[in-house]
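Each chain, written out:
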Amino acid sequence: MHSAFIRTYVSFHNREHFFFNIKLWIVSFFKEIFLLRKNSFNGAIVMNANPFTLGHRYLVEYASKKCDHLYVFVLQEDKSEFNYYDRINMVYQGVKDLKNVTVRPSGTNIISEETFPEYFMKKELQDAKINAYKDIESFALSVAPVWGITERFFGEEPFDNVTRQYNEQMKKYLPIFSINVVEIPRKIFENEVISASR
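Residues numbered from 1 in each chain as written. Predicted model: local features only at pLDDT ≥ 70, side-chain atom pairs only at ≥ 80, totals over all residues. Heavy atoms only, no water.

A. Highlighting the packing of aromatic side chains. Under the defined criterion, the tally for this structure stands at eight aromatic pairs. Residues Y58 and Y62 carry aromatic rings whose centres are separated by 6.2 Å and whose planes lie at 55 degrees to one another, so their mutual orientation is tilted. Within this pair, Y58 and its partner Y62 are both found in helix α2 (residues 54-64), separated by four residues, close to a single helical turn. Note on Y62: relative accessible area 27%, which makes it partly exposed. Summarising the aromatic geometry, the rings of Y119 and F120 are spaced 5.3 Å apart at their centres and angled 80 degrees between planes, so their arrangement reads as edge-to-face. As far as burial versus exposure is concerned, Y119 and F120 are alike and both buried. In textbook terms, an aromatic cluster arises when at least three aromatic residues are bridged by ring pairs, as seen for F116, Y119, F120 and Y166. Across from the ring centre of Y62, 5.2 Å away, lies the NZ or CZ of K66, which sits over that ring. (Phe/Tyr/Trp six-rings, centres within 6.5 Å; stacked < 30°, edge-to-face > 60°. Helix = DSSP H or I, 4+ residues; strand = E, 2+ residues; numbered from the N terminus. Buried < 20%, exposed > 50% of the residue type's maximum accessible area, 1.4 Å probe, protein only. Lys NZ or Arg CZ within 6 Å of the ring centre and 35° of its normal.)

Treat this as a map of the structure, not an account of what it does.
In structure tokens form, the structure reads like this:
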């Protein structure tokens with residue numbers, strides 16, 4: 001009887017604790033959105049980071065200097081050599097010294113199987129014509145308004161044809177949604193382009 005009472009009390013206490021933490025998380029979440037959106041110029045970079053490299057670091061540093069706050073969205077689909085948790089941890093560790101940068105999961109609204117499956121078939125589609133409008137629209141309508149993002153940064157892509165087409169379509173469509181695009185020139189080191197894979 002006594003032990004049953006204790007189990008009931010602990011169970012009730014744990015539920016109270018759980019819902020209290022959920023409330024705290026919700027308040028913190030919306031407080032962060034409010035604080036970052038208020039009188040700030042927010043930008044975004046989307047990356048797979050498979051793995052996170054000096055090229056990625058350069059892109060984040062560059063973009064972080066061009067806006068008040070920068071969101072780095074890491075692709076959440078587990079279709080890469082490095083799993084999602086390793087990739088987002090690498091990105092977080094690689095940019096944690098940049099005070100105006102926040103690392104977040106991409107969710108399903110940015111380059112996912114639902115919005116842009118072609119991204120995960122790059123090798124097979126290098127000679128194909130792709131249509132990334134669904135993904136770009138998803139970012140513009142479902143992600144940018146939540147975080148007050150008005151600028152999308154991405155690196156110049158001289159090698160991969162799928163990513164290059166995606167970049168070109170972002171330039172074409174994002175301004176329709178009042179989102180500016182900034183294509184960052186690749187960094188040159190010893191006469192070689194530093195790509196996202198280096």
